[in-house]
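One-letter residues, chain by chain:
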Amino acid sequence: MWEKDININEVKEIISRAKVYFGVGAMHKIDDILKDLKTKGVDKVIVISGRNAYKATGAWDIIEKSLKDNSIGYVNYDKVTPNPTTDGIDEAKKIALDFGAKAVIAIGGGSPIDTGKSVAVLMDKKYQDKTADELYEYKFAPDSAVPVVAVNLTHGTGTEANRFAVATVVKKDFKPAIAYDCIYPSYSIDDPKVCVKLSPKQTMYTSIDAINHVVEAATSKVASPYTISIAKETIRLVAKYLPLALKNPEDMEARYFLMYAALLGGICFDNGLLHYTHALEHPLSAVKHDLSHGLGLAILLPAVIKTIYPDKAATLADILEPIVPDLKAEAADAKKAALGVEKWLFEIGVKEKLEDMGYCDPDVEKLTNLAFTTPSLDGLLAIAPNEATKERVEAIYKESMKPMA
């Protein structure tokens, strides 16, 4: 395939609504980014991350040196959790404003970058009197934010190239999503070298996140030929390179193309949006904060495929071909498609179902209600390829309790 003609050590600029520096060595583009920010009056920044990955990957050594070389002051907020909360966003915002930061550098996967996007809104002069709860409960609609630099450390979310962010409102068990043009990162870095220390589980979960992004974006009511084409290529790349990365975590070519697949996934759902799988996963991880987002998506995906296949059989038969070959574009193949996806997930090492994660049938009613009452999730359900009734949502949760096979 065409991948053999790519020099993975050559950094490219990939431009959608965000400029992404992509390739092995892209981390060193931080110097150009900071020089550009400095010309725009940015002399202080807040660095937002989790506790360990930003240092363990080596990203921080490069970024900190560049900050010092460019005489840009910084303050750290390194308390972002895997399912970030609005409380954490408010805490980071206060630290940023007290320090006088004028931009955000977010280092990590979806959680730190989404937190950074949210903090960037609340740092803007228009919204400094607002809270993260107000942002995520849609009490206002921002149209400006301070600059965000997204330094991506995984190959899953695609948040470095889109206008989405997610956070949990803990006191309500809400995990809404926001989407505003003002939170596209001003600059993003995708350097596959930083992914080599991802654990096998995070390698799996992040790539499964990318697959879910494109399956949903290719089958939503606002899907286009563009999102379907991207979906097909994304799934092909993950199917080919995920096993290689699991076998050898330091396979740089595998990491490169998984990171590219994730970037495609982020661009794909920026255009085609999301529906069932994400709308139903958000209640799962809102209730159990330690559930990995990608694992929750993996658990739900087979039942979602079964639910939507009759309505999007031609699209799904085509884009799923790398992991479930020989599907027919007929409603009768819905269960075959679902079982095939489940089999593929089991083969790569994701065998958990909802029961394994501590959920049980009595939880279904609460989860279903959250899917319909959490701000923003009703919008996702509204663009599902068939009518997202409570009965359909309940059925997906119930079928995800145990293996379908």
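Above this text you will find the structure in question.
Below: a short report on this structure.

Each value, and the rule that gives it
Residues numbered from 1 in each chain as written. Predicted model: local features only at pLDDT ≥ 70, side-chain atom pairs only at ≥ 80, totals over all residues. Heavy atoms only, no water. 1 Å grid on protein atoms, 1.4 Å probe; cavity = no way out; pocket = protein on both sides within 12 Å on 5 of 7 lines; lining within 4 Å. Points joined across faces, edges and corners; volume = space filled by probe spheres on them. Nonpolar A, V, L, I, M, F, W, Y, C, P; charged D, E, K, R; others polar. Salt bridge = Lys/Arg side-chain N within 4 Å of Asp/Glu carboxyl O. Helix = DSSP H or I, 4+ residues; strand = E, 2+ residues; numbered from the N terminus. Buried < 20%, exposed > 50% of the residue type's maximum accessible area, 1.4 Å probe, protein only. Pairing = 2+ DSSP bridges. Core = buried A, V, L, I, M, F, W, Y, C linked by side-chain atoms within 4.5 Å. Contact = heavy atoms within 4.5 Å. Phe/Tyr/Trp six-rings, centres within 6.5 Å; stacked < 30°, edge-to-face > 60°. Lys NZ or Arg CZ within 6 Å of the ring centre and 35° of its normal.

## Looking at the layout of surface pockets
- What the second largest pocket holds in volume is close to 170 Å³.
- Lining the second largest pocket are G25, M27, H28, T57, G58, A59, I62, D191, K193, V194, V196 and K197.
- Class assignment of the residues belonging to the lining of the second largest pocket gives a composition of 5 nonpolar, 4 polar and 3 charged.

## A short note on the pattern of salt bridges
- Scanning the entire structure with this criterion turns up 25 salt bridges.
- With its nearest N and O atoms 2.7 Å apart, the salt bridge here joins D69 to K65. Here D69 and its partner K65 are both found in helix α3 (residues 59-69), 4 residues apart, which amounts to about one turn of the helix.
- The exposure class assigned to K65 is exposed, which follows from its relative accessible area of 52%.

## Here we look at the pairing of strand β2 (residues 19-22)
- Relative to β2, strand β1 (residues 12-15) runs antiparallel, the two sharing 4 bridges. From the neighbouring strand, I14 faces β2, where its bridge partner is V20.
- Hairpin geometry of β1 and β2 is characterised by an intervening segment of 3 residues between the two adjacent antiparallel strands.
- Of the strand pairs in this sheet, β2 and strand β9 (residues 187-190) are connected by 3 bridges, and their pairing is parallel. Directly across from F22, in β9, lies its bridge partner D190.

## What to know about the nonpolar core
- With 106 residues, the main nonpolar core has I63, I105, I107, Y276, L320 and Y397 as its most contacted residues.
- If sequence neighbours within four positions are ignored, Y397 has contacts with L280, P283, L284, L300, L354, V364, L367, T368 and A371.
- Among the nonpolar cores identified, the runner-up in size contains 34 residues, and V80, A101, F140 and I183 belong to it.

## Some words on the pairing of strand β6 (residues 148-152)
- In terms of residue burial, β6 counts as a mostly covered element, since 5 of its 5 residues are buried.
- The side-chain alternation of β6 yields two buried faces, one formed by V148, A150 and N152 and the other by V149 and V151.
- Pairing analysis gives 5 bridges linking strand β5 (residues 103-108) to β6, with the strands arranged parallel. When the sheet's bridge partners are listed, G108 is paired in β6 with N152.
- Alignment of β6 against β9, held across 4 bridges, turns out to be parallel. When the bridges of β9 are listed, V149 appears paired with Y187.

## Some remarks on the packing of aromatic side chains
- Counted according to the given criterion, the structure contains 10 aromatic pairs.
- For the ring pair W60 and Y74, a centre distance of 5.4 Å and an interplane angle of 80 degrees mean the geometry is edge-to-face. One end of the pair, W60, is in helix α3; the other, Y74, is in strand β4 (residues 73-77), and 14 residues separate them in sequence.
- Their ring planes at 25 degrees and their centres at 5.0 Å tell us that Y241 and F257 sit as a pair that is stacked. Linking Y241 in helix α8 (residues 225-247) with F257 in helix α9 (residues 252-272), this pair joins segments that are 16 residues apart in sequence. Of the two residues, Y241 and F257, both sit in the buried class.
- Cation over ring: K44 sits above F99, and NZ or CZ is 5.0 Å from the ring centre.
- The ring of F372 carries K390 above its face, with NZ or CZ at 5.8 Å from the centroid.

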